[in-house]
Amino acid sequence: MVRNQYDVIVVGGGIAGCFAAATAAVEGIDVVQLERKPREQGGFIACGDAIKSPRDPGHYPGPIDMAAIADDESVLVDNNIDQIEYWDEELDVRKVLPYETGSNVVDRYEFGQRLLEQAADRGVEQHYDTVVNDVTQNGRVTGVEAVRDGEAVTYECDVLIDTAGAQSILQDMVDFDGLDTPGQPTFEVPHYTHFGSAYREIIETEEPVEYHNAIVGKPLEEMGYIWYFPRTPTQINVGLGFQMNKSPIPLADRLRRDIENRPEYQGATVAERFGKTNKLGAAIALRRPLDSMVAPGYLAAGGAAGTTHPITGKGIRGAAYSGYSAGRAAAEAVEDGDVSEAGLWEHNRWLFREHGEAAKLASWDAYNVAASSIEVNLLRALTALLPEKELREIVGTSTEVDSLKSKLLVGTGVLRNFVSEYRKHTFDALDVSTGELLEAIRTVRKTRNYVSAYEHHYESYPEERSTFEGWLAERNHIDLNFYESLGLPSSEHKY
Ligand SMILES: Cc1cc2nc3c(=O)[nH]c(=O)nc-3n(C[C@H](O)[C@H](O)[C@H](O)COP(=O)(O)OP(=O)(O)OC[C@H]3O[C@@H](n4cnc5c(N)ncnc54)[C@H](O)[C@@H]3O)c2cc1C
């Protein structure tokens, strides 16, 4: 059996993996990146392809040159997106929200290829056709077992960075309880109900679609959603997903039904890639970022660490900054010769405290919890009636909401809409009573208060490992109060 020794092993050739590997490599660390796919299929990943502000270095920190990638015409296939549209066609509702300037739809494959090239240019050794099938440990994580080009290979390392995506298989392989930690391990493997299942096709239409400057979302049964994200006016990423705490939706069949019923998709064909129709599905994290993303000799980032928006499922940006953070923390820990939980804690500290975006995602997860607690027809009625400002905050397109004013708006805005144009459609079609609607409004208002409570608590996320348990106990206390306020029995608690 071939043996290999590296300072850092990165498992996964996706976004988080490339950001992590490149960041550690430029620090002079010996890094290998393992990817199960062949080189030419690297970056070919199920995605809606919508990306936020790719040229903003605050969103994409580290040595990967995102501006150069954004300048590549094969990557940014649509520079034209300036709005998000929410459609509920049954109710005749169409809401238009402005989308952040500089946001785009990418060709995810070309984007992934450029990331892999840049990681290699920064000094990362890349092994493709390499499937990791076990993790080795001895008080700390020490490496992985893999099959490379059909041959068994052992890799040893100081730090393993898990960027194997949502529902990372590595997390089933590590015995976290068997690692040397001062108390309980801080790393907790997420439950399957914290994920969604999503599927997409790239279709080509005969005529340009009218919504070529928008990313469009529509509700589906059981808190599912469907999207149309135009890459070009005639090439559309169409997809759908559902959260695994609800009944499964047969994704490919349901999508076909939707496509076949849309006049603008008559005569459309599915695009090809690698000689096959371009159809892909995958899991998607719909939870708050993991409370701790570290264990002795181990760090998680990207989908594997839950850095995805818990309502929209967008995770490109989270994968990038958390990958950067993991690469940076791993390099520092290797330099310091301390790869314990405490030695790797910088990853958690930076994400929750200094950069802070993980704290925001964790706080917004309250909206996901609340939405799951509301019956789907009521949720649709509420979304149809919610003021656009409120919707904008929930889908995370605006961070500048005056919270007090907005709290008042939730109630008055919904009621104003209630007596206006949507009223008849919404209530007749969905069979929702005024009493139920008022209760749902109260739920949104309560949730907003809890979002603020979480935000406040995450501001004191522990600087060091030693104070984590106390902080976590208080956070869990907020969870319990929140569940109680929603009237959720313990069997329906998300965490
Ligand atoms: C259908 C769908 C639509 C989405 N739409 C959007 C969107 O429009 N915008 C957005 O921002 N986000 C979207 N997301 C989320 C986004 O795609 C993810 O958050 C992001 O890809 C996570 O990146 P990652 O690097 O963590 O993981 P991934 O991109 O999943 O990469 C993981 C890599 O690890 C490799 N790997 C896994 N296991 C092993 C193993 N055992 N051995 C070796 N290699 C392994 C995989 O082959 C893969 O290359 C969507 C997700 C899905 C599923």
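One can find the structure itself at the top, above this paragraph.
Please read all numbers here as calculations on a predicted model, not as lab measurements.

> Go over the overall build of the chain with me, naming the residues and quoting the values.
Helix and strand counts for the chain come out as 15 helices and 23 strands. Its C-alpha atoms put the chain at 70 × 55 × 35 Å along the principal axes. Put simply, the chain has 495 residues, and 58% of those count as buried. Considering only intrachain contacts with a sequence separation of at least 6, the fraction spanning at least 24 residues in the chain is 74%. When the accessible surface of the chain is split by element, carbon and sulfur atoms take 47% of a total near 19,600 Å².

> Lay out the sheet that holds strand β8 (residues 104-106) in plain terms, naming residues and giving numbers.
In a beta sheet, neighbouring strands are held together by backbone hydrogen bonds and run either parallel or antiparallel to one another. Strand order in this open sheet of 3 strands is β4-β8-β5, and the pairing throughout is antiparallel. Two strands close off the open sheet at either side, each with one partner strand: β4 (50-51) and β5 (76-78). Pairing of β5 with β8, which is carried by 2 bridges, proceeds in the antiparallel orientation. Its bridge partner lying in β8, D78 is registered against V105.

> Quick one: what's the story with the pairing of strand β11 (residues 141-148), residue by residue and with numbers?
Direction of pairing for strand β10 (residues 130-137) relative to β11: antiparallel, over a ladder of 7 bridges. When the sheet's bridge partners are listed, V131 is paired in β11 with V147. The antiparallel hairpin formed by β10 and β11 contains 3 residues in its connecting segment, where G139 sits at a positive phi of about 85 degrees. Counting the residues in the hairpin turn of β11 and strand β12 (residues 151-156) gives 2 residues, including D149, whose phi is positive at 50 degrees.

> Can you tell me about the pattern of salt bridges, naming the residues and giving the values?
On inspection of all chains with the given rule, the structure shows 31 salt bridges. Of the charged contacts, one joins E89 and R262 as a salt bridge, the two residues approaching to 2.9 Å between their closest N and O atoms. Here E89, found in the loop between β6 (83-88) and β7 (93-98), pairs with R262, found in the loop between α5 (251-260) and β18 (269-270); they are 173 residues apart in sequence, far enough to count as distant. In this structure, the salt-bridge partner of R262 is E264, at a minimum N-O distance of 2.8 Å. Here R262 falls in the buried class, since its relative accessible area comes to 9%. By relative accessible area, which is 23% here, E264 ends up partly exposed.

> Which residues make up empty space enclosed by the protein, and what values do they have?
For the structure on display, the rule yields 2 cavities of 30 Å³ or more. By volume, the largest cavity amounts to about 40 Å³. Of all the secondary-structure elements, those providing two or more residues to the lining of the largest cavity are α9 (357-373) and α15 (468-486). Examining the composition of the lining of the largest cavity, we find that 4 residues originate from one element, α9, more than from any other. Looking at the lining of the largest cavity, its residues break down into 7 nonpolar, no polar and 3 charged. Taken as a whole, the second largest cavity holds about 30 Å³ of empty space. Looking at the lining of the second largest cavity residue by residue, the class counts come to 9 nonpolar, no polar and no charged.

> Tell me about the sheet that holds strand β9 (residues 125-127), and please be specific about residues and values.
Strand order across the open sheet formed by 6 strands is β9-β3-β2-β13-β23-β22, with mixed pairing between neighbours. A single partner strand is all that each edge strand has here, and the edge strands are β9 and β22 (294-295). Two strands pair when backbone bridges link them, and strand β2 (residues 8-11) and strand β3 (residues 31-34) are joined in this way by 4 bridges, in the parallel orientation. Note that in β3 the partner of V8 across the bridge is V31. Strands β2, β13 (159-162) and β23 (298-300) of the sheet are contacted by helix α6 (residues 316-336), whose axis makes an angle of about 175 degrees with β13.

> Outline the side chain of T205, listing residues and values.
With respect to the helices, strands and loops of the structure, T205 is situated in the loop between β14 (195-204) and β15 (214-220). Separated by 2.8 Å, the side chain of T205 and the backbone oxygen of E207 make a polar contact. Non-local contacts of T205, meaning those with residues more than four positions away in its chain, are made with P233, T234, I236, E264, Y265 and A268.

> Tell me about the layout of surface pockets, residues and numbers included.
Taken as a whole, the second largest pocket encloses approximately 480 Å³ of empty space. Forming the boundary of the second largest pocket are 24 residues, of which E188, D291, L472, R475 and N476 lie nearest the centre. Its residues assigned to classes, the lining of the second largest pocket comprises 10 nonpolar, 6 polar and 8 charged. Split by domain, the residues of the lining of the second largest pocket number at least three in each of domain 1 (2-77 + 105-190 + 286-358) and domain 3 (359-492).

> An account of the packing of aromatic side chains is requested, with residue identities and associated values reported.
What the rule picks out here adds up to 24 aromatic pairs. Relative to Y109, the ring of F44 has its centre 6.2 Å away and its plane inclined at 90 degrees; by these criteria the two rings are edge-to-face. Separated by 65 residues along the polypeptide, F44 in the loop between β3 and β4 and Y109 in helix α3 (residues 108-121) bring together distant segments of the chain. Judged on exposure class, the residue F44 and its partner Y109 are both buried.

> Hey, could you go over the environment of D7 for me, with residue numbers and the actual values?
Within the element layout of this structure, D7 appears in the loop between β1 (2-5) and β2. Separated by 151 residues in the primary sequence, D7 and D158 place their C-alpha atoms 5.1 Å from one another. Filtering out sequence-adjacent residues up to four positions away, D7 remains in contact with I29, D30, C157, D158, V159 and V334. In this structure the side chain of D7 is engaged in a polar contact, spanning 2.9 Å, whose partner is the backbone nitrogen of D30.

What counts and what doesn't
- Residues numbered from 1 in each chain as written.
- Predicted model: local features only at pLDDT ≥ 70, side-chain atom pairs only at ≥ 80, totals over all residues.
- Heavy atoms only, no water.
- Helix = DSSP H or I, 4+ residues; strand = E, 2+ residues; numbered from the N terminus.
- Buried < 20%, exposed > 50% of the residue type's maximum accessible area, 1.4 Å probe, protein only.
- Contact = heavy atoms within 4.5 Å.
- Areas by Shrake-Rupley, 256 points an atom, 1.4 Å probe, with all protein chains shown as cover.
- Pairing = 2+ DSSP bridges.
- Salt bridge = Lys/Arg side-chain N within 4 Å of Asp/Glu carboxyl O.
- 1 Å grid on protein atoms, 1.4 Å probe; cavity = no way out; pocket = protein on both sides within 12 Å on 5 of 7 lines; lining within 4 Å.
- Points joined across faces, edges and corners; volume = space filled by probe spheres on them.
- Nonpolar A, V, L, I, M, F, W, Y, C, P; charged D, E, K, R; others polar.
- Axes fitted to C-alpha atoms, helices over the stretch in contact; angles between N-to-C directions.
- Polar contact = N/O pair within 3.5 Å; in protein donor to acceptor, adjacent residues only side chain to side chain.
- Domains from an automatic or database assignment.
- Phe/Tyr/Trp six-rings, centres within 6.5 Å; stacked < 30°, edge-to-face > 60°.

Keep in mind these numbers describe shape, not what the thing actually does.
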